[in-house]
Each structure stands twice: as structure tokens, then as C-alpha cells.
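An overview of the molecular structure
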There are 2 protein chains.
Amino acid sequence: MSYLADKILQEGLILPNNVLKIDSFLNQQIDPTVMKAIEEEFYAYFQNHGISKVLTIEASGIAPAIMVAAHFDVPMLFAKKALPSTLQKDAYYQTQVHSYTKNTTYQVLVSKQYLSPADQVLIIDDFLANGDAAMGLVDLVAQAGATVAGVGICVEKSFQPGRERLERAGLDVYASVRIAAIDSERQTISFAPGH
Amino acid sequence: MSYLADKILQEGLILPNNVLKIDSFLNQQIDPTVMKAIEEEFYAYFQNHGISKVLTIEASGIAPAIMVAAHFDVPMLFAKKALPSTLQKDAYYQTQVHSYTKNTTYQVLVSKQYLSPADQVLIIDDFLANGDAAMGLVDLVAQAGATVAGVGICVEKSFQPGRERLERAGLDVYASVRIAAIDSERQTISFAPGH
């Protein structure tokens, strides 16, 4: 079992409605050993994909993304969440992302100057559930005419449709941990095989 | 001259009103070589300060903070910006921070469970200008009864009062780059000596 899966079993909090809270090592406090394990894993899997840039979305994607980018020795770029009113439309690629956990839709944007058609982009995020954030990042890459070289996820909720949506779009997805089921009543987590 | 100072001269954009924009390697796109240089520098300076935790504030502090935390092999914690309405008051240490660039005041919070009186906290941020964000983080550490072991800043605007406020509070501040002056008209930047 990976170090991250082990941490989830040891420290993850299972809240009502099958919500998994892993604030103590991934989402607010961040364990450097988890980060180092993930950067090694993602590098091993994506090293021959010609990665030229790592892209994530603020805020909790930033830590794994910069660690992975440092390992690949390529720049990391993070998409910002903004209200539509603050947009300078011509300077940014922008798309809309719906957050189910926060029940809100927000604009996500990156400066046009940091994505170019030559880029082979590795998208990194902490969680993959419905896949809206990841698909939003895929859209930003497409707007730039760049290529998504892969999607690296720390924790995938395999019982939600994100993975299938990304794979249906032809993307190569690697998840460090795949959660098959969360049972709030029994306080159990089960993992899916593979990555 | 440090790698970061060099990047500022090469790629920094000087906007009207002496605003320095360094989005291409520190604030939106992040250069891994800048991060590696900073983590080495901060480690060299703070290695005997008994650091047990690195604290920053979302979003652009997260990348340098996790790189530094990984070097020290201690957890990194980031304070979240939130509107007062979303607060669960008893679970968080909270304080108010005024942003001059965005002309707004927001709540900053960290879960109480991740800061304890035994912690020796290294505060990291990308910029130090008026010092409001850093002083907010200092306040969160004080609320927890923990100790601020030092403040590590990527880019200090030495012509603004942040440094003096932190030092007056008895804090050990190290800045990778100290900017003495920005001249929008002449498009020049000058650096202050020391760190």
C-alpha cells in the first residue's frame, strides 16, 4: 500500500454523506513525505510524456503541482479562481467550473502568455471526483492549442464519474490512490486496484 | 546577485505606481529553479531555529512554503482566506488581514488542531510590503501559543513598512531579495543590501 493510502486510513476523517476529509496531510496541512512520494510516482509514470509544463488550480493543487514540476524541472502554472467581474477578458484563457462541494460555479483563468501550442501539459490536482475542475483545466489547455500530456491525481474517488469523463476525452490519467467506496456508517474506506 | 534578483531584472514588469509584476516566475507561473534557490537559502539561514512547521497564506505563498517545508522535512500549513459568513468559529484561529493591492479586508484562518504551543513556526510568503499578511500569520501563531521562529520572504519591498513592523515585533526576518526602489518612469529597480 502506498504511503498516501496508508495516511488516508490512519488520519482520514469520514464525515456524513461519504465525505472524506484529509486536511491533516493534503488539503490544509501538507505532509512533505506524501508530496515526495507523489512526485516520485508521477515522475515514474509520466517521465516519457515530454512534459513541458505542469498546470493546476488554486489552492490545494499548488503544493503537489510545484513538487512535481520541480522534479520534472519545468514551470508550474496555476489557474486562478475569479469572479467574472474581475476579468480582463483579452489577457486570459477562461472557463467555468462547477464545484459540487461548494455548490457554486466560478471562472477559472490563466494568463495567455504562459500556455503556448508547443506545450505538453501535465495537469495535477489533489482530488478527482466529478472531474469538473480537471475538465476545466483541459479546456484552458485546448484554448491555448497546447496538448494535455497527462492528468496526475493524488486521490481519485473512483465511485464518481471524473475518471471516466477524462478517459472518454482520450486522456492518460494516473491516480496515486483510487478510492472505491467510503462508508460513513461503518467508517470504512476501500481502495480500487490500479492507478 | 541571486537567481531571483536576476529573474526580477530580466522578466519583472514595472507597472504604473511602482507596481512590480513577477507573474512569470513567482506569482502565477512558478519557476522551479527559483523555488530550489529559495529553499536552499531559507534552509541555510533558519536551519538552527528548531523549525517544526512552515506556515503561509493561500495562494501564492503555497509553492515556496511547501518547497521549504520539504527541505526541513516538516509539515506545511496554509491559512485560508474566507468570508466571515463561512466561519465555524470554534474550530479555527482567525484574524483579519487588509490587502492594499485588492483594497479589501478578509478573514484568515487555520484549523486549531494544526498549531500547538510546542510549534516553532517558520512563516513564509512570496511578498512583504506593508506586512499585513505576515502580521496576520503572526497573530494566528500567537493565538495558538506557538512561537514564530522566523519569517522567510521571497521579495521584500524595503521601501514599504512591512520589514520594520516585523522587526519591531521582535521577529527574525530573512528576505531573498530586498527591493530598495521601483521607478515606473525610468523602468528601473534597485536592490537594498543584506537579507
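Residues numbered from 1 in each chain as written. Chains lettered and ligands numbered in written order. Predicted model: local features only at pLDDT ≥ 70, side-chain atom pairs only at ≥ 80, totals over all residues. Heavy atoms only, no water.

**Quick word on the pairing of strand S11 (residues 188-191) of chain A**
Residues and elements named next belong to chain A. What counts is decided by this rule: Two strands form a pair only when DSSP identifies at least two bridges running between them. In this text, helices come from DSSP runs of H or I with a minimum length of four residues, and strands from runs of E with a minimum of two, each type numbered from the N-terminal end.
Looking at chain direction, strand S10 (residues 173-183) and S11 are connected through four bridges and run antiparallel. Considered in S11, the bridge of isoleucine 182 is made with isoleucine 189. Hairpin connection between S10 and S11: a loop of four residues separates the two successive antiparallel strands, and glutamine 187 in this loop has a positive phi of roughly 55°.

**Comments concerning the packing of aromatic side chains**
Residue and element names in this part refer to chain A. Stated precisely, the cut-off is as follows: Two aromatic rings from Phe, Tyr or Trp, using only the six-membered ring of Trp, form a pair when their centres are within 6.5 Å; if the ring planes differ by under 30 degrees the pair is stacked, by over 60 it is edge-to-face, and anything between is tilted. Placement of a positive charge over a ring is assigned whenever Lys NZ or Arg CZ falls within 6 Å of the ring centre and within 35 degrees of the normal to the ring plane.
Tallied over the full model, the rule gives 10 aromatic pairs over all chains. Cluster of aromatic residues (ring-pair linked, three or more members): Phe42, Tyr45, Phe46 and Tyr174. Here the basic side chain of lysine 157 rests over the ring of phenylalanine 127, its NZ or CZ set 5.1 Å away from the ring centre.

**Considerations on the packing of helix H3 (residues 32-46) of chain A against helix H4 (residues 62-72) of chain A**
Helix-helix packing: each pair is described by the crossing angle between the helix axes and the interaxial distance. Residue and element names in this part refer to chain A. To keep things clear, this is the line we draw: Helix axes use the C-alpha atoms of the stretch in contact, all axes being lines fitted to C-alpha atoms, and the angles between their N-to-C directions lie in the range 0 to 180 degrees. To sort the angles, those under 35 degrees are grouped as roughly parallel, those over 145 as roughly antiparallel, those from 65 to 115 as roughly perpendicular, and the leftovers as oblique. Note on convention: the crossing is left-handed when the near helix lies turned anticlockwise from the far helix by less than a right angle, right-handed when the turn is clockwise. Should any heavy atoms of two residues lie within 4.5 Å, those residues are counted as being in contact. Under the grouping applied here, Gly and all other residues not named as nonpolar or charged are polar, the nonpolar ones being Ala, Val, Leu, Ile, Met, Phe, Trp, Tyr, Cys and Pro and the charged ones Asp, Glu, Lys and Arg.
Running from N to C, H3 and H4 cross one another at 50°; their axes reach a closest spacing of 9 Å. Considering their axes alone, H3 and H4 lie oblique with respect to each other. Where H3 crosses over H4, the two elements pack in a sense that is right-handed. Packed against H3, whose contacting residues are Met35, Lys36, Glu39, Glu40, Phe42, Tyr43 and Phe46, the element H4 presents Ala63, Pro64, Met67, Val68, His71 and Phe72 at the interface. A breakdown of the residues in the contact of H3 with H4 according to their chemical character gives nine nonpolar, one polar and three charged.

**A short note on helix H4 (residues 62-72) of chain B**
All names here are of chain B. Basically, it comes down to this: Each residue is assigned to one of three classes by its accessible area relative to the maximum for its type, calculated with a 1.4 Å probe on protein chains only: buried under 20%, partly exposed between the two thresholds, exposed over 50%.
The element H4 is largely enclosed, with a buried count of 10 among its 11 residues. When H4 is considered as a whole, its buried residues turn out to be Ile62, Ala63, Pro64, Ala65, Ile66, Met67, Val68, Ala69, Ala70 and Phe72. Directly beyond the C-terminal end of H4, a positive phi value near 60° is found at aspartate 73.

**Points about the environment of serine 190 of chain A**
Residue and element names in this part refer to chain A. Residue placement: serine 190 occurs in strand S11. Once the C-alpha coordinates of serine 190 and isoleucine 22 are considered, the two residues, 168 residues apart in sequence, prove to be 15 Å apart. If we ignore the near neighbours within four places in the chain, the residues touching serine 190 are Arg178, Ile179, Ala180 and Ala181.

**Looking at the pairing of strand S6 (residues 92-99) of chain B**
Pairing geometry for S6 of chain B and strand S7 (residues 104-111) of chain B, over eight bridges, is antiparallel. By the bridge assignment, valine 97 of chain B is partnered in S7 of chain B with tyrosine 106 of chain B.

**Details of the nonpolar core**
A general feature of soluble globular proteins is that nonpolar side chains tend to end up buried together. The cut-off we apply is this: Remark: nonpolar core denotes a set of buried residues (Ala, Val, Leu, Ile, Met, Phe, Trp, Tyr, Cys) joined through side-chain atoms within 4.5 Å.
Val54 and Met76 of chain A together with Val54 and Met76 of chain B are the most contacted members of the largest nonpolar core, which totals 80 residues. Residues Val108, Leu128, Ala133 and Ala146 of chain A belong to the second largest nonpolar core, which totals 29 residues.

**Let's talk about unusual backbone geometry**
Residues and elements named next belong to chain A. In this structure, the amide linkage connecting glutamate 58 to the following residue, alanine 59, adopts the cis form with an omega of -5°. Relative to the helices and strands, alanine 59 is located in the loop between strand S4 (53-57) and H4. Backbone geometry places glutamine 187, a non-glycine residue, at a positive phi of 55°. Tracing the chain through its elements places glutamine 187 in the loop between S10 and S11. Under the relative-accessibility criterion, glutamine 187 is labelled partly exposed at 48%.

**So, the interface of chain B and chain A**
The criterion, for reference: As a working definition, buried area equals the accessible area (1.4 Å probe) given up by two parts on being put together, with both sides summed. When a carboxyl oxygen of Asp or Glu lies within 4 Å of a side-chain nitrogen of Lys or Arg, that pair is called a salt bridge.
If you look at the interface, chain B gives 31 residues, while chain A gives 31 residues. Of the roughly 2600 Å² buried where chain B meets chain A, counting both sides, 58% is carbon and sulfur surface. Of all residues in chain B, Gln28, Gln29 and Tyr114 of chain B give up the largest surface area on contact with chain A, accounting jointly for 25% of the area buried on that side. In this structure, the connection of chain B to chain A is made through two salt bridges. We note a salt bridge from lysine 36 of chain A to aspartate 73 of chain B, for which the minimum N-O separation is 3.8 Å.

**Some remarks on H3 of chain A**
Residue and element names in this part refer to chain A. Inclusion rule: Here a helix's expected span is defined as the number of its residues, less one, multiplied by 1.5 Å. Within 3.5 Å is the distance limit for a polar contact, defined as a pair of N or O atoms, with the added protein rule that one can donate a hydrogen and the other accept it, and that residues adjacent in sequence qualify only through two side-chain atoms.
With 15 residues, H3 extends 21 Å from end C-alpha to end C-alpha; this agrees with the ideal 21 Å at 1.5 Å per step. Those residues of H3 lying buried are Pro32, Val34, Met35, Ile38, Glu39, Glu41, Phe42 and Phe46. Its side-chain oxygen at 2.7 Å from the backbone nitrogen of threonine 33, aspartate 31 defines the N-terminal cap of H3.

**Here's the deal with a nonpolar patch on the surface**
Residues and elements named next belong to chain A. Note the following rule: Surface patches are defined over residues having more than 30% relative accessible area and no salt bridge, joining like charges when they lie within 9 Å and nonpolar side chains (Val, Leu, Ile, Met, Phe, Trp, Tyr) when within 5 Å. Note on areas: these come from Shrake-Rupley sampling with a 1.4 Å probe, and a residue is covered only by the protein chains present in the view.
Nonpolar side chains collect at one region of the surface, where Leu13, Leu15 and Val19 lie side by side and expose about 220 Å² of accessible area between them. By secondary structure assignment, the location of valine 19 is in strand S2 (residues 19-21). Judged by its relative accessible area of 37%, valine 19 is partly exposed.

**Here's the deal with the confidence of the model for chain A**
Rules: Each residue carries a pLDDT value, the predictor's own confidence for that position, ranging from 0 to 100.
Put simply, chain A has an average pLDDT of 94, and 97% of its residues get 70 or more. Among the scores for the predicted complex, ipTM is 0.94 and pTM is 0.95.

**With respect to the pattern of salt bridges**
Evaluated as defined, the whole model comprises 20 salt bridges over all chains. Across the pair glutamate 11 of chain A and lysine 7 of chain A runs a salt bridge, and its minimum N-O distance is 2.8 Å. Residue glutamate 11 of chain A and its partner lysine 7 of chain A are located together in helix H1 (residues 3-11), separated by four residues, close to a single helical turn. Taking relative accessible area as the criterion, glutamate 11 of chain A reaches 31% and is therefore assigned partly exposed. Look at lysine 7 of chain A and you get buried, because its relative accessible area is 11%. For the salt bridge of aspartate 132 of chain B with arginine 165 of chain B, the shortest nitrogen-to-oxygen distance reads 3.1 Å.

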